[in-house]
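Listed here are the chains, written in short residue letters.
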Amino acid sequence: QARLVETGGGLVQAGDSLRLSCTASGGILTTMAWFRQAPGKEREFIASMTDNGSTTYRTSSIKDRFTISRDNAKNTVYLQMDSLMPDDTATYYCAADRLAIYNAGYKGYDYWGQGTRVTVSS
């Protein structure tokens, strides 16, 4: 049973950058991903990365501002977020799966973190 712990959230101003981290313990995690959920909205996929470096992003506009990376030796996945906007305010969740996932619409990940809150003020 894997455990995921996210860190790096906080309160920032519009235009700022923030880097989230998610460290996993236990289990073989082929795919690690980031989701977010804003108040009153559904959880949405942001990006994922397999252990061989293959990435999937929800949209090209997300890819322009957010970058997913991964350190397999540290069992850690990162989400670098640049040019943050108030609409990026949400709780950001890390997810992981034992299989290679390339489908941006897939939400059935094996493991989920507790989330880290990001608030972007205007």
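Just so you know, these numbers come straight off a predicted model, no measurement behind them.

Another point: the pairing of strand S9 (residues 90-97). Burial analysis of S9 places eight of its eight residues in the buried class, which makes it a mostly covered element. Looking at chain direction, strand S4 (residues 31-37) and S9 are connected through seven bridges and run antiparallel. Among the inter-strand pairings, Met32 is bridged to a residue of S9, identified as Ala96. Bridge count for S9 against strand S11 (residues 116-121) is three bridges, and the pairing is antiparallel. Within S11, the position partnered with Thr91 by the bridge is Arg117.

With respect to the helices and strands, Asp88 occurs in the loop between strand S8 (76-81) and S9. What makes Asp88 buried here is its relative accessible area of 1%. A distance of 2.7 Å separates a polar atom in the side chain of Asp88 from a polar atom in the side chain of Arg65. If we ignore the near neighbours within four places in the chain, the residues touching Asp88 are Arg36, Arg65, Phe66, Ser83, Val118 and Val120.

For Asn75, which is not a glycine, the phi torsion comes out positive at approximately 50 degrees. Here Asn75 lies in the loop between strand S7 (66-71) and S8. Here Asn75 falls in the partly exposed class, since its relative accessible area comes to 41%. A positive phi angle, close to 50 degrees, is found at Ser83, a residue other than glycine. Examined against the element boundaries, Ser83 turns out to sit in the loop between S8 and S9. Accessibility expressed as a relative area gives 42% for Ser83, which makes it partly exposed.

Cut-offs used in this document
Residues numbered from 1 in each chain as written. Predicted model: local features only at pLDDT ≥ 70, side-chain atom pairs only at ≥ 80, totals over all residues. Heavy atoms only, no water. Buried < 20%, exposed > 50% of the residue type's maximum accessible area, 1.4 Å probe, protein only. Helix = DSSP H or I, 4+ residues; strand = E, 2+ residues; numbered from the N terminus. Pairing = 2+ DSSP bridges. Polar contact = N/O pair within 3.5 Å; in protein donor to acceptor, adjacent residues only side chain to side chain. Contact = heavy atoms within 4.5 Å.

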